[in-house]
Amino acid sequence: MDTLAQDLRFGLRMLLKTPVVSAVAALSLALGIAANAAMFGLLDGFLFSPMPFADQHEMVVLREGRPGESTDLSGGVSIPEFRAYVEAARTLESATAYALETANLTGRDVPEQLQVAVATPSLFEVLGVQPALGRGFRPEDGAEGAGGVVVLTHDFWQRSFVADPGVLGAVVTLDGRPHTVVGVLPEDVDMVPADVDAVRTSNFDATADDRSDHGHIAFARLRPGAEPEQLARELAGVSERMAVEFQESEGDRRLRVLSMSEFFPGTTDRQLVTLLTFVTLFGLLIACANVANLLLGRAEARQKEVSVRTALGAGRTRIVRQLLTESVVLGMVAGVGGVALAFWIVEGLRGAMPPQMPRSMWPVLSPGVLAATVAVSVAAGVLFGLAPAVHATRADLREALGEGSRGGTASRTRKRLRNVFVVGEFAVALALLTSSAFMIDAFGEALSGDPGFQADGLLTFQVAVLEGRAAEPEGLRAYHRELEEAVAGVPGVQGVAVMSSLPRAQGNPRTRYEVGGRPVVEPENRPAAGIQRVNPDYFATMGIEILRGRGFTDADRSDSEPVLVISQGLADREFPGEDPLGRSLTVADESRVVVGVAASIQQDRIELAGRAREAVYLPLAQSPPTRMSFAVRVAGDPTSVAGDVRRAVWSVEPDQPVAAVRTLQAGIDESLAGPRALRVFLMALSGIALVLAAMGIYGVLAHAVAQQRREIGIRMALGAGRATVVGMVTRTGLGLAGVGVALGVPLSALMYLGVRNMLTIFEFEAGLAFPATIGGALVAASVVATWLPARRASAVSPVTALRDD
């Protein structure tokens, strides 16, 4: 221990003796460690224990999908299927099914629209969660005709009931039915998704025979010792029987038993996080190579000191241990700085998390993450300090202690080692920057492409029609018209678009369709497109151009010919070189005539590969939804009319909740916050990699110039001009950069293929633009990094350079 303490004290003194080199090395490594610490925090929350439930390894998710279909595309289960699976399973301890619905909370000062999970009474037993206040559900609570009970989430309890513990026993009205509050969930427990406000229970007896509704999420808890594969084998016969029995109406749907880690994150999410992990590790590798070069140069400057200690009897192991101790100390200092920076990065990432993501999935610098960061810091210290330490002990004592050791040049072996570090650093930097550029470009295209509509000047809100207003289709249509006219009458409003879902929001619906006159295909093989139900003013208010034919008019009523408008993307796919007007499409089991073609818009949150913005639009009056979204075009600031819009809705129906009142752009920004944060993270990491690569070549050449001081003095004394000296040094740097870039090209190609094979949901093509531009940027950085030491070397007087010091 005394020896270790002595090594630590001596190491700190040596680091402080060369503060500039130590600071640059610590900063370089701190940047790499910060990025990795932030990534460890993301992995910890996103991959290892993402769900906010106890004993996740004992839980499975029951999904259904078609053979060969990606797990990401598989759907939920219907209630009849869920019951059949639970009845047949012997390896299940408990199971639950729940669905999400929008409910109107009325009878209070301000009506609210809630996101409610409707679950079987066994929900909390399966999830391993118990309310912090009150109780969970009892088996009798879900019986048909039983009094409604509800459990509130902690956030909703705080927001709407001011954390009042007396809320237990209170009666709230959801969709016109009274429900008694029996519990409040703990603060650290979120439902999936996390923006659920309340949970009510039902045995789903009303849908016991409905096999068409596959929107139920089914969680199950295995018996001790059971495995998901065992349950899948046990239920394979049940799944096969139902697939054959209902293939005509549902297609070939088969049961999939997924572990919690397979359920979330999905395949695409897991691949994306894996790519980001590799990118950050590459950044740390660049930082390590950079620091190794700096320490190698410092070790050469301390060559005489090491030789003296060796001559006095110090063993090679003892000296290597001392030098490694200095490196580990430097790594620990960088680790502290990196963790401090990582806290800032993680806070930024947490602020960008979407509201639907449970807090257990958010990145956090937990004790485990901090321990991993410490391990990385120590490992990095050993990694970048080992080569300089070994080479520092390989000196020839006679040469090192002689007069020629002062101001002399480094050996060829050490030069080669330095050059290998620089070349490798440039090759890795080119691969990292190129792959990052492809990912940034893919994200950019998905996030920032032309949406096809005018988002500026639009105020949006959502309405879930009250139960009494949705009893009859004609009454629902009349309610739509009343709301639209009331909002249109607000001063400053220039247009009102009513639609079934807002563009670029999450979970926008899609529908399968058939083209009239073509061979009939199985339901599961029919093409799909986004579907919108819109009012006649929708296209004009949203700024979407009608390219051919017409939009909708007031004449498109429930008793008129069924019509639809298609997007240009769908027209290009189904009617290339043809006129689609007058053709028929069967949507939702009803044949409709195409009366117009609208410009394609980006309806989905992120534009995915294979989707050319295909969409069908139905007249609101012919297919009235119970949930509507409004987009109100305003002359000036859209938020200035928010209060008037609410009052306009309440003038029609005082109990009507008005949800998510905000500008359309604000809604889009929230929806895209997570992907944008990842894109910024990639851009920042790429910038750090470029700076580190430039710092690396600058540090090597600056030290090389210092060691060539006598040689430069001789050249200048013999008549060499400043331009000759600058050119000599610059050519050395450019040569190293050129070799590094050349070696980085095939590595970049491999990285690109990996990115493209993993991120198949995005559309992006390879090209020479990114590698050429990034290679040029690296060479330009090397020019600057070599010119500075070359210029300083050429300014040294030959007399000064030749003088013994």
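Residues numbered from 1 in each chain as written. Predicted model: local features only at pLDDT ≥ 70, side-chain atom pairs only at ≥ 80, totals over all residues. Heavy atoms only, no water.

*Asks:* What is the right way to read the overall build of the protein from this model?
*Replies:* Counting its secondary structure elements, the protein contains 24 helices and 21 strands. Looking at the protein as a whole, 52% of its 805 residues qualify as buried. Long-range pairs, those at least 24 residues apart, make up 82% of the contacts in the protein with a sequence separation of at least 6. Accessible area of the protein: about 34,800 Å², with a carbon and sulfur share of 57%. (Helix = DSSP H or I, 4+ residues; strand = E, 2+ residues; numbered from the N terminus. Buried < 20%, exposed > 50% of the residue type's maximum accessible area, 1.4 Å probe, protein only. Contact = heavy atoms within 4.5 Å. Areas by Shrake-Rupley, 256 points an atom, 1.4 Å probe, with all protein chains shown as cover.)

*Asks:* Sorry, what's going on with the pairing of strand β1 (residues 59–65) here?
*Replies:* Two faces, one strand: in a regular strand the side chains alternate between the faces of the sheet. Of all seven residues in β1, seven are buried; the element is thus mostly enclosed. The alternating pattern of β1 places Met-59, Val-61, Arg-63 and Gly-65 on one face and Val-60, Leu-62 and Glu-64 on the opposite face, and all of these are buried. Across four bridges, β1 lies against strand β9 (residues 217–222) in antiparallel orientation. Along β9, the bridge assignment pairs Leu-62 with Ala-218. Both β1 and strand β10 (residues 254–259) contribute to a ladder of six bridges, which runs antiparallel. Across the sheet, residue Val-61 finds its bridge partner in β10, namely Leu-258. (Pairing = 2+ DSSP bridges.)

*Asks:* Even after reading the chapter, I still don't get the packing of helix α3 (residues 79–88) against helix α6 (residues 228–245), so can you show me in this structure?
*Replies:* To characterise two packed helices, one gives the angle between the axes of the helices and the distance between these axes. Axis separation between α3 and α6 bottoms out at 9 Å; the angle between their running directions is 150 degrees. Judged by the twist between their axes, the crossing of α3 over α6 is right-handed. Facing Glu-81, Ala-84, Tyr-85 and Ala-88 of α3, the residues of α6 in contact are Glu-234, Leu-235, Val-238, Ser-239 and Met-242. (Axes fitted to C-alpha atoms, helices over the stretch in contact; angles between N-to-C directions. Left-handed = near helix turned anticlockwise from the far one by under 90°.)

*Asks:* So what exactly am I meant to see when it comes to the packing of helix α15 (residues 473–488) against helix α18 (residues 642–652) here?
*Replies:* Here α15 crosses α18 at 145 degrees, and the two axes come no closer than 9 Å. As α15 runs across α18, the sense of the crossing is right-handed. Here α15 contributes Tyr-479, Glu-482, Leu-483, Ala-486 and Val-487 to the contact with α18, which in turn contributes Ala-648, Val-649, Ser-651 and Val-652. Along the lines of polarity and charge, the residues of the contact of α15 with α18 split into seven nonpolar, one polar and one charged. (Nonpolar A, V, L, I, M, F, W, Y, C, P; charged D, E, K, R; others polar.)

*Asks:* Could you clarify how one ought to interpret the packing of aromatic side chains in this entry?
*Replies:* The geometry of two aromatic rings is summed up by the distance between their centres and the angle between their planes. A complete count under the given rule lists eight aromatic pairs for this structure. Between Tyr-538 and Tyr-617 the ring centres are 5.8 Å apart and the planes differ by 45 degrees, which places this aromatic pair in the tilted class. Note that Tyr-538 is positioned in helix α16 (residues 538–542) and Tyr-617 in strand β19 (residues 615–619), a separation of 79 residues in sequence. Overall, the relative accessible area of 0% leaves Tyr-538 in the buried class. (Phe/Tyr/Trp six-rings, centres within 6.5 Å; stacked < 30°, edge-to-face > 60°.)

*Asks:* Would you explain the nonpolar core in this entry?
*Replies:* Across soluble globular proteins, nonpolar side chains have a tendency to be buried as a group. Within the largest apolar cluster, 85 residues are counted, with the highest numbers of intra-cluster contacts made by Phe-53, Val-199 and Phe-219. For this core, the element with the most residues is helix α2 (residues 19–48), which contributes 13 residues. Excluding residues that lie within four positions of it along the chain, Phe-219 makes contacts with Phe-53, Met-59, Val-60, Val-61, Ala-95, Thr-96, Tyr-98, Val-126, Leu-127, Met-260 and Phe-263. Core analysis: the next-biggest nonpolar cluster, separate from the first, contains 38 residues, Leu-62, Ala-84, Tyr-85 and Val-167 among them. (Core = buried A, V, L, I, M, F, W, Y, C linked by side-chain atoms within 4.5 Å.)

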